[in-house]
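# Observations on the three-dimensional arrangement
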There are 4 protein chains.
Amino acid sequence: MRLARATDQARTYAEVRALSERLAEPLSPEDQTAQTMPDVSPTKWHLAHTTWFFETFVLERHEPGFRPHDPAFRVLFNSYYQGVGDQYPRAERGAITRPGVAEVLGYRRAVDERIAAIVDELDGDACDLVELGLHHEQQHQELLLMDIKHVLSRNPTRPVYAPQCDPIDAGPDPARWVAIDGGLVDVGHGGDGFAYDNECPQHRVHLDPYELADRLVTSGEWIEFIDDGGYERPDLWLSDGWYAVQQHGWVAPLYWQHIDGEWNVHTLGGTRPVAPAEPVCHVSHYEADAFARWAGARLPTEFEWEHAVSTAGSQDRWFALDGLHPVAAPRPTDRGVVRQAAGECWQWTASAYLPYPGFVPAAGAVGEYNGKFMSGQMVLRGSSALTPPGHTRPTYRNFFPPAARWPMTGVRMARNDDR
Amino acid sequence: MRLARATDQARTYAEVRALSERLAEPLSPEDQTAQTMPDVSPTKWHLAHTTWFFETFVLERHEPGFRPHDPAFRVLFNSYYQGVGDQYPRAERGAITRPGVAEVLGYRRAVDERIAAIVDELDGDACDLVELGLHHEQQHQELLLMDIKHVLSRNPTRPVYAPQCDPIDAGPDPARWVAIDGGLVDVGHGGDGFAYDNECPQHRVHLDPYELADRLVTSGEWIEFIDDGGYERPDLWLSDGWYAVQQHGWVAPLYWQHIDGEWNVHTLGGTRPVAPAEPVCHVSHYEADAFARWAGARLPTEFEWEHAVSTAGSQDRWFALDGLHPVAAPRPTDRGVVRQAAGECWQWTASAYLPYPGFVPAAGAVGEYNGKFMSGQMVLRGSSALTPPGHTRPTYRNFFPPAARWPMTGVRMARNDDR
Amino acid sequence: MRLARATDQARTYAEVRALSERLAEPLSPEDQTAQTMPDVSPTKWHLAHTTWFFETFVLERHEPGFRPHDPAFRVLFNSYYQGVGDQYPRAERGAITRPGVAEVLGYRRAVDERIAAIVDELDGDACDLVELGLHHEQQHQELLLMDIKHVLSRNPTRPVYAPQCDPIDAGPDPARWVAIDGGLVDVGHGGDGFAYDNECPQHRVHLDPYELADRLVTSGEWIEFIDDGGYERPDLWLSDGWYAVQQHGWVAPLYWQHIDGEWNVHTLGGTRPVAPAEPVCHVSHYEADAFARWAGARLPTEFEWEHAVSTAGSQDRWFALDGLHPVAAPRPTDRGVVRQAAGECWQWTASAYLPYPGFVPAAGAVGEYNGKFMSGQMVLRGSSALTPPGHTRPTYRNFFPPAARWPMTGVRMARNDDR
Amino acid sequence: MRLARATDQARTYAEVRALSERLAEPLSPEDQTAQTMPDVSPTKWHLAHTTWFFETFVLERHEPGFRPHDPAFRVLFNSYYQGVGDQYPRAERGAITRPGVAEVLGYRRAVDERIAAIVDELDGDACDLVELGLHHEQQHQELLLMDIKHVLSRNPTRPVYAPQCDPIDAGPDPARWVAIDGGLVDVGHGGDGFAYDNECPQHRVHLDPYELADRLVTSGEWIEFIDDGGYERPDLWLSDGWYAVQQHGWVAPLYWQHIDGEWNVHTLGGTRPVAPAEPVCHVSHYEADAFARWAGARLPTEFEWEHAVSTAGSQDRWFALDGLHPVAAPRPTDRGVVRQAAGECWQWTASAYLPYPGFVPAAGAVGEYNGKFMSGQMVLRGSSALTPPGHTRPTYRNFFPPAARWPMTGVRMARNDDR
């Protein structure tokens, strides 16, 4: 979403900010207040926190005579930035009934107006922070949807967020293997467009030849795994994974329920039968890994994934760096095409989330954005049906702990090419 | 609140039900949704649960052609009655964003109308259940206020529920000892008026002579206790109490904060300096017990308390059994008067909450109201500033676990009369 | 065990101390080291702690030129006496591999010799402390056996402590009700003999007429309770009890195992089939209470139990206050006799463990022996098959939390006498 | 330790097995029984489990007419091999008082004799399992020492395992940077000698130029880190690391205590002052990472470490693959030498413990040895002062969770070479 600065940034700012509020519109003030587990944040917290980001990292530094909108918000809506002061405890965000939704929207209005008043005068560094703020807000747009999905799932009345917003795809079948040569290849972000610090620097890695499935694992395949005792055989699981299965009583993906002999799934569009052809979603890294072992395959590394998508091509819309218009997808080679690389589910890789060689966090408190989480998490690649337009690129590194199931997490198979 | 049945019950019903809604009026939908600890229930849950009580125990049994208002509510708003089906988990009430406040008020309207349609035809047993439901709702009126006090306390913006609704009393000083003879006395509810099953049967106990303080322990006295190292001396504490002090880091009553060298207290009217003459409130049984040991006294038993209030008299308004008009307080004897028996703080006693000899729970699921909690809790007597009119009587047995601090819990001293 | 002082105390001291060591003899150093849950203490800790008691409360105060045997032991073997310094954490006693068993026995030798050197010169107060120390050691003799029973139970090789030391009694059948008049009666310790402070002062209580079962509930009756769904019906349970059932997965008394369609029980004599006529043992207060509700009865209060045993008589050996010679049991009245009052299982009562009116803890740190535990526990009366001779009396108040199952806890029924 | 099979294996077997018992000799039966945290196993459990390994994976498969030594041991001493049956819960190994030490030594005798009786007849696969069993036992020799160090550390009497067995090294000072070219290099085990499956297959990785410190971080440097507020500055820490600091209250390495203004350290040789020149030990990965950030450096990746040690050479004794005789260390290049690569402390790397490309676990239940733990752990390289002779090689991958501090964990710095 790198912008023709003076010209486009104000417009993009308005569009991204407006989308967040549109996403909250179907939700009542009560819906927007609840926090159903420590990982989940209330909708109105997302709306306020993304605003706090602009207030703290743009206005405070670049607005003449800056004064905070409300001093209490400085702490309430600071997620985890130690460098800019205290934070209200994450697990207790559901206790914050005030400011209410109306007041949060007022906060958004006020900050938007103050940004608008200075945006044309901002220098390059400030523009970079605005741009970072917009990408940050886009991330929270997906989090907002993931989180409200969890909130509504806990309600026995099975509320609907919006009709039909989950994918029910007649996916490609059967899956085919796309062969990739490997060798000494470049990975990581190297061009001009926007990227997070964790995608940099571009660097060289050596890959052995490998093959990647041309589509994601489907719900139908997952039911075969379940029916074959997948959740009951310790030999298929990492030790930590087997422990998680026992501890949490996992027998199926999150949001699946067995009702009258049939698997159903809670979605933002309500509860409906599982569609066998759609990509399986809401499985942990442990489950993805066990499934792969059961299938006689493995998960791809993040570099195998990135290189394949860049090389073999994909038929998905890869949203261009202007954030708004899809660019043509890379041309598929003769050897196959990696379908469903974006827009369905994030895809667990076999790679731990660690710094690239030569990684340098962004300067100042925004350097806390990515680097300090490089421990205990696994990388996911691609994007999901909830990822906003313009927030997808082949070098993007998403990350979650291996037991996480509430993000839009899916699975793609890989295997060695032993020819 | 026993009623001239056919005449008065409809009117009382309307008044009690209206008060609940008035108590919720200052609160936003967001406020009414949050649950800040497992013991706390959201405001709108209280509004719905009290309605569920009438629907389940009156309408379902006595309304011809009964059909539930919403089948999901049967589970969502059943607190703990195993005899009438499943319950939604208590600790997760904050996850229930729907029904929202408006829908809950609609539920109230609908049930009120259905009750109104049959109330004149109800027989004695049914009238008893209506009466029980009204007392139940009054209990929840106090819980609603206790709970929202906790919710608002977690908010660093220090929201105000309503100006000046906490007591700031120029209490009587110094405290004097009221001597009571004891002997073989009757305790428990024995008359015609309404009482819970746990106040029955009236029975005989033997009391040695004793003395009771004529007022509650004040905040000023509590500051002396703190300043004398009360929270740092294990010799003053029950073993479990000392463990609680260590575990929770207690250094003062709940809601007290030391700001700029002065003790402040969070109240429903906002945060203000502690007033030395007001009764100390929001202390656990453990703290009350330790304070008494420090003061060279002890807590009264529940029977000492009840007998003294009945015998020595009190100057408080004891709300009459019609629930609406205060009756004259018993005349004080020459030997002193027990002040602040009601309307300030509930008063911890030295008595465990156990059944009276010959106790028989009410028949059916309403028998779960009191009896099954007779384990691990301590009795409190009197009433508090948040107790609604008509919900106070000398035989009333309130109860909480010894570590509870979020109810309106205060302290009265007793000692042996060794003359 | 009050003694003809100068004459007998040395002899009794030697006998009690020797018994502790005899109880440890069947156990290896490894056995004597393990702690299988926080409530359990290692055997060698019991041997050392009882010695520490004499060192701290007798030698330190009464031995000229006292010096501690080993300064580290002052902390290691202080159980919970805040008044005499720090304590090693209770839950970590199993980490203390040194001093080993041999060194602990050396500690016992040394302290015994030092006590022997001064015992004839001790004044009355010091003699009282020696006597308290002996009763304290007797309590730990039972704890030692309870605890090692738990340790050995966790071992799948099912080790045997000693053949046949658990009761297999052809109990009296059927149970009969013994009717007791009640009235205004004296309870608590009032005579010259030894008693703990918690049994005092003797005082007057009023009892309604009641009936007590003439024997304990049997294992056969408990199997009927299980077979009738006793552990699956929430209506039978206190709320806390039902929670405990769910949390711990209780389906039978502790140490019971269903093997090949038959109930077996782990005992100090090994694992053997449950004997239907023997008193059921190792049930929690919650289970005792649920059983009573299922049986249409209730638990007796501690005063009903004490008064009945004193009045109606018992056929058990009640060990006399000299601790060594059984006295004749009280004569049964015409109305029945309370059998199995002692020597089988401790008997849960309906009474919370609270101070008697006018209770004054012993002076100094030994005052921590009983009083500070008067919270959250229930009283048991009688004694068990593991209680040492001379440690049983009708006023004895044992106490454990309501969920405890590893003591020798049994059940006796009571009911109102509504004639 | 690959062996001239028929000739040497029996001798090596005897030597390795004897060493385990020698390590236990200074310990009493009590010492050998305790388990002070879930990660720690009792000494006698190590002695038994290593024996179980030979019984299960060699005797059961290769001894004619095999019968188990004791059926109960099959479960008691199975650590985590799901493929060969049930396991006794890890966290409760301290509850297993029987078999005692003498019986465990008898178990060792019996299995050793049975192995001796067949060892000369074993085929290649069986010999491989014997060899694996010996390496397994060597790993447990280090675990045994690590674990007993923890056990003895919990004892306030500060017991000594053996005089002076911890390193007090006059380490090289100041540290110097050894520059390594990087490029496309081979890593992983590729030769004939023994290696675990997780060191294979050898494969190619690309490394940018980098520099490695020629020695480990010292305790003196760590004190500088502490004194500069290292444990108090969140900006130095990974998010998970900072959480661990708060949760556990870390202020220094494990086993360090500040006594009278000086840092002391618990060792197997007793408690003594920290020696500034010795390598710091018993720090978590989080601490190592924070220290590196504070020092303006970083941790090396496991491949940087391996490549540097192979290329630049080391002056440490690298024990040859016959397990008994040190081979000459690789010759240092002109550019420096990596000292302290082995024999001091294991060295945290920046690499997560993951499978190498093409990794295939060993067949059968021994395949559970390494592969199933490839999640949530970090790789350590080198070896420690507690590692037995013959158990060190440059491709060896040790691994522990990032919060682990009880292994012999030290720190080596790395940095980019940006020339």
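To start, this report covers the structure provided alongside it. Since this is a predicted model, take the numbers as computed values, not measurements.

### A closer look at the relation of the copies chain A and chain B
- Expressed as a screw transformation, the operator carrying chain A onto chain B has a rotation angle of 180° and an axial translation of 0.0 Å, and the superposed copies differ by an RMSD of 0.0 Å. Taken together, these values place the two copies in the relation of a two-fold axis. Judged by C-alpha distance, glutamate 30 of chain A is the residue of chain A that lies nearest the rotation axis, at 2.6 Å.
- Comparing interface residues between copies, 100% of those in chain A also sit at the interface in chain B, which points to an isologous, same-surface contact.

### Digging into the packing of helix H2 (residues 43-62) of chain B against helix H4 (residues 101-118) of chain B
Residues and elements named next belong to chain B.
- For the pair H2 and H4, interaxial distance at closest approach is 9 Å and the crossing angle is 30°. It follows that H2 is roughly parallel to H4 by the angle criterion. Pair H2 / H4 crosses with left-handed handedness. Here Lys44, Leu47, Ala48, Thr50, Thr51, Trp52, Phe54, Glu55, Val58, Leu59 and His62 of H2 lie close against H4, whose contacting residues are Val101, Val104, Leu105, Tyr107, Arg108, Val111, Arg114, Ile115 and Ile118.
- Split into classes, the residues belonging to the contact of H2 with H4 amount to 13 nonpolar, 3 polar and 4 charged.

### Describing the pattern of salt bridges
- Taken as a whole and assessed by the stated rule, the structure comprises 107 salt bridges over all chains.
- Notably, a salt bridge pairs glutamate 221 of chain C with arginine 215 of chain C, separated by 3.0 Å at the nearest N-O pair.
- Residues aspartate 235 of chain C and arginine 233 of chain C are paired through a salt bridge, measuring 3.0 Å at the closest nitrogen-oxygen approach.
- Residues joined in a network through salt bridges with shared partners are Arg17, Glu21, Arg108, Arg109, Asp112 and Glu137 of chain A.

### Things to note about the interface of chain D and chain C
- Every contact between the two is made by 28 residues of chain D and, on the other side, 28 residues of chain C.
- For the pair chain D and chain C, the summed buried surface comes to about 2,100 Å²; carbon and sulfur atoms form 54% of the total.
- When the buried area of chain D at its contact with chain C is split by residue, Glu30, Thr97 and Arg98 of chain D rank highest and sum to 33% of it.
- As a salt-bridge pair, glutamate 92 of chain C and arginine 154 of chain D come within 3.2 Å of each other at their nearest N and O atoms.

Calculation criteria
Residues numbered from 1 in each chain as written. Chains lettered and ligands numbered in written order. Predicted model: local features only at pLDDT ≥ 70, side-chain atom pairs only at ≥ 80, totals over all residues. Heavy atoms only, no water. Least-squares fit on C-alpha atoms with pLDDT ≥ 70 in both. Contact = heavy atoms within 4.5 Å. Axes fitted to C-alpha atoms, helices over the stretch in contact; angles between N-to-C directions. Helix = DSSP H or I, 4+ residues; strand = E, 2+ residues; numbered from the N terminus. Parallel < 35°, antiparallel > 145°, perpendicular 65-115°, else oblique. Left-handed = near helix turned anticlockwise from the far one by under 90°. Nonpolar A, V, L, I, M, F, W, Y, C, P; charged D, E, K, R; others polar. Salt bridge = Lys/Arg side-chain N within 4 Å of Asp/Glu carboxyl O. Buried area = accessible area lost by both parts, 1.4 Å probe.

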